[in-house]
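Breakdown of the fold
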Amino acid sequence: MATVEERVKEVTAQVLKLDSDQIKLDDSFTADLGAESVQSIELVAMFEEEFGIEMDEDAALSVETVGKAVDFITQVCAEQGVDVEE
Amino acid sequence: MKLILLDITNDTRCNFYPLALGRPIWELRCGFNSLGDKLIAKIGAKDVACFVPDYMADSYRTKTKYPVNDLTVLQVNDLLILNPCIKAESFDVAVSGPSEVGLDEQGNVMYARIAKDDTGKLSTDNIEAFIADVKAKLPNVKSALPRWQYIWDLILNNAEQISTDFSAAGQHGIEGTVEQPNAIRGSKKDIYIAPGVMVHPMVVIDAEHGPVYIDNDAEIHPFTRIEGPCYVGKQAIMLGAKCREGNSIGPLCRIGGEVEESIIHGHSNKYHDGFLGHAYVGEWVNLGAFTTNSDLKNDYSNVSVMMDGRHAIDTGSVKVGSLIGDHVKTSIGTLFNTGSYVGPMALIMGTGKPLPKYIPAFAWFIEGIVTKGFGKRKLYETAKMAMSRRKSQWTQTEQDMWDAVFEMTAPIRKQAVKKGRRAMLTR
């Protein structure tokens, strides 16, 4: 199974139309990867679908970087009993 | 005699959604004022109390002078309990006399006249138990009183109701300021321009086919045309509007573009061009420029509306526009399909295409699908901001009520979000 980091990068690449190899953990979704507000909503939706979790919108949308998204999703998966590869 | 307005949770409340999600049914407007105003005036009641669904009781207390959900009011008087869906002008039951309960064909209480001596027989543990006892222990009669069945009945009867209310108000003439040049068509007996109203030059007021009542301190900007029957509420501003027949514009609204046979509650904005027809619009709504609704299908067949997001209800009318809940915000270029339902607090980004006919409460409709968007808290922040711009306050009790509505409407919203996700995944 792919790791959380790999899956987060893959979803991010798909939504923002980027190459996943070019996405770094300290990339900001908005400043570095060019996510607009509508795409932020789409990212949250796609992360929920990818991991089968439900995230609080305010908390999810306050996550700024890819690395922090990995941490946040890992934490939510643990809270909601979803097994993931860290 | 104490008049009790009764709107408790039952199977038919949802016929008056999305507006009734945030207020009791008698607060719905038709003609000059609310259904409750008409019932109270018809009965001539001085002493009024009311019962509403628990989740809105605290909020409603802040908006009414009458006692809300106070069971003690049931114990000490002759009572007249009224279903708020009764058409006031048709109510012909004696308000005093021996106890009598009028039930419709489904067994719903349309009215209950309760003599003081009988109140002791009735449970006052809660309003539901009280009503159950009223039906079980007091003489029942069949009641065929005409009633409002659905929210669109109010739209479809609005023009007639305005004419009725104009006659009842008994006022005509010009007490406000009318700057020249202006054109007033029809009889001046069919026009009332209240004190404080400012009608700018180049306005047409056409009362040839029905009365026009412009309430206190409204402002009518140049190039507005107002056709009767029409009611323009207090402090409303008409901004070059093509205001066709049958409109009730609520207090403090700002209205431009073309509006026809629509009811708009207070504090709502339709500042710019765009057509709104046969629509019912809640409070604190903002319709962006070129927001337009269809109110007539291309094949002239009856319009259907989905009140629950699943089942289409035939309105029996070829003309029904949109039902737009409180605090809805639409972007520029939003296109509503014929008979659309837009739940309160929904935020709409138009796509250039007609939108789905059912948009749930608190939905963020973005890029053609229902999403969770930035969530409920962001919608509250927007509502708070919109209200503060008009010197009104968003309160915790208001928020608590909307929190309850958010929970009530969660299942259908989740389904719509899921559907949106599927669409998103296939793009």
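In this report, we go over the structure that sits alongside the text. Please read these numbers as outputs of a predicted model, since none were measured by experiment. (Residues numbered from 1 in each chain as written. Chains lettered and ligands numbered in written order. Predicted model: local features only at pLDDT ≥ 70, side-chain atom pairs only at ≥ 80, totals over all residues. Heavy atoms only, no water.)

**Some words on the sheet that holds strand β1 (residues 2-6) of chain B**
Residue and element names in this part refer to chain B. Operational definition: Strands are treated as partners if at least two bridges between them are detected by DSSP. Secondary structure counts use DSSP, requiring at least four H or I residues in a row for a helix and at least two E residues in a row for a strand, with both numbered from the N terminus. Throughout, an axis means a line fitted to C-alpha atoms (over the contacting stretch in the case of helices), and angles, computed between N-to-C directions, take values from 0 to 180 degrees. By definition in these notes, contact holds between two residues if any of their heavy atoms fall within 4.5 Å.
The sheet built from six strands is open, its strands ordered β4-β1-β5-β7-β6-β8 with mixed pairing. Each edge of the open sheet is held by one strand with a lone partner, namely β4 (48-51) and β8 (140-142). Each neighbouring strand pair of the sheet contributes to a mean axis angle of 20 degrees, computed without reference to strand direction. Sheet topology note: the strand β6 (residues 100-103)/β8 ladder contains three bridges and is parallel. In the strand pairing of β8, Val-101 is matched with Asn-140. Contacting β1, β4 and β5 (79-82), helix α1 (residues 35-43) crosses the sheet at an angle of about 155 degrees to β1. Contacts between helix α3 (residues 127-137) and the sheet are confined to β1, β4, β5, β6, β7 (109-114) and β8, with β7 contributing the most and set at about 80 degrees to the helix.

**As for the interface of chain A and chain B**
Here is the rule we go by: Accessible-area loss on putting two parts together, using a 1.4 Å probe and summing over both, is the definition of buried area adopted here. Take a side-chain nitrogen of Lys or Arg and a carboxyl oxygen of Asp or Glu: if they are within 4 Å of each other, that pair is a salt bridge. Each residue receives one of three labels: charged for Asp, Glu, Lys and Arg, nonpolar for Ala, Val, Leu, Ile, Met, Phe, Trp, Tyr, Cys and Pro, and polar for the others, Gly being one of them.
Of the residues lining the interface, 14 residues belong to chain A; the matching set on chain B comes to 13 residues. Per-residue buried area on chain A facing chain B is highest for Val38(A), Ile41(A) and Glu57(A); these three make up 36% of the total on that side. Where chain A packs against chain B, one counts six salt bridges. Broken down by element, the residue count for the side of chain A that touches chain B peaks at eight residues, all from helix α2 (residues 37-51) of chain A. Residues of the side of chain A that touches chain B, tallied by class, amount to six nonpolar, one polar and seven charged.

**Section: the packing of helix α1 (residues 4-16) of chain A against helix α4 (residues 66-79) of chain A**
Residue and element names in this part refer to chain A. Quick reminder of the rule: By the definition adopted for this analysis, an angle is roughly parallel if under 35 degrees, roughly antiparallel if over 145, roughly perpendicular if from 65 to 115, and oblique otherwise. Whether a crossing is left-handed or right-handed is set by the direction in which the near helix is turned from the far one by less than a right angle, anticlockwise for left-handed and clockwise for right-handed.
Remark: α1 packs on α4, axes separated minimally by 9 Å, with the N-to-C direction vectors making an angle of 120 degrees. As the angle between them shows, α1 and α4 are arranged oblique. In this structure, α1 meets α4 at a crossing whose hand is right-handed. Along its contact with α1, which presents Val-4, Glu-5, Val-8 and Lys-9, the element α4 presents Val-66, Ala-69, Val-70, Ile-73 and Thr-74. Of the residues belonging to the contact of α1 with α4, the class tally is six nonpolar, one polar and two charged.

**Notes on empty space enclosed by the protein**
Under the convention used in this document: Using protein atoms alone on a 1 Å grid, points that fit a 1.4 Å probe yet trap it form a cavity, whereas open point sets bounded by protein on both sides within 12 Å along at least five of seven lines form a pocket; residues with an atom within 4 Å of a point count as lining. Grid points are joined across faces, edges and corners, and a volume is the space filled by probe spheres set on the points.
Scanning the entire structure with this criterion turns up four cavities of 30 Å³ or more. If you add up the space inside the largest cavity, you get close to 90 Å³. Those elements that provide at least two residues to the lining of the largest cavity are α2 and α3 (57-61) of chain A together with β39 (369-371) and α8 (410-425) of chain B. In terms of residue count, α8(B) provides more of the lining of the largest cavity than any other element does, four residues in total. Taken together, the residues of the lining of the largest cavity sort by class into eight nonpolar, three polar and three charged. Looking at the second largest cavity, its volume works out to about 60 Å³. Surrounding the second largest cavity, Val38(A), Ile41(A), Glu42(A), Ile366(B), Glu367(B), Ile369(B), Thr371(B), Met424(B) and Arg427(B) form its lining. Counting residues per element, the ones that place at least two in the lining of the second largest cavity are α2 of chain A together with β39 of chain B. The biggest single contributor to the lining of the second largest cavity is α2(A), with three residues. When its residues are assigned to classes, the lining of the second largest cavity shows five nonpolar, one polar and three charged.

**Let's talk about the pattern of salt bridges**
Put simply, the test is: Throughout, exposure labels follow a simple rule: accessible area from a 1.4 Å probe, protein chains only, divided by the maximum for the residue type, with under 20% read as buried, over 50% as exposed, and the rest as partly exposed.
Within this structure, the stated rule accounts for 28 salt bridges over all chains. Ionic pairing is found between Asp58(A) and Arg377(B), a salt bridge with its closest N-O pair at 2.7 Å. Placement of Asp58(A) in helix α3 and of Arg377(B) in helix α6 (residues 375-389) is noted, with the two residues assigned to different chains. Assessed through its relative accessible area of 29%, Asp58(A) is described here as partly exposed. Owing to a relative accessible area of 42%, Arg377(B) belongs among the partly exposed residues under this scheme. The closest approach of N and O atoms between Lys378(B) and Glu381(B), which form a salt bridge, is 3.8 Å. Residue Lys378(B) and its partner Glu381(B) are located together in helix α6, separated by three residues, close to a single helical turn. Take Lys378(B): its relative accessible area is 38%, and that puts it in the partly exposed class.

The values reported here are purely geometric and, on their own, carry no functional implication.
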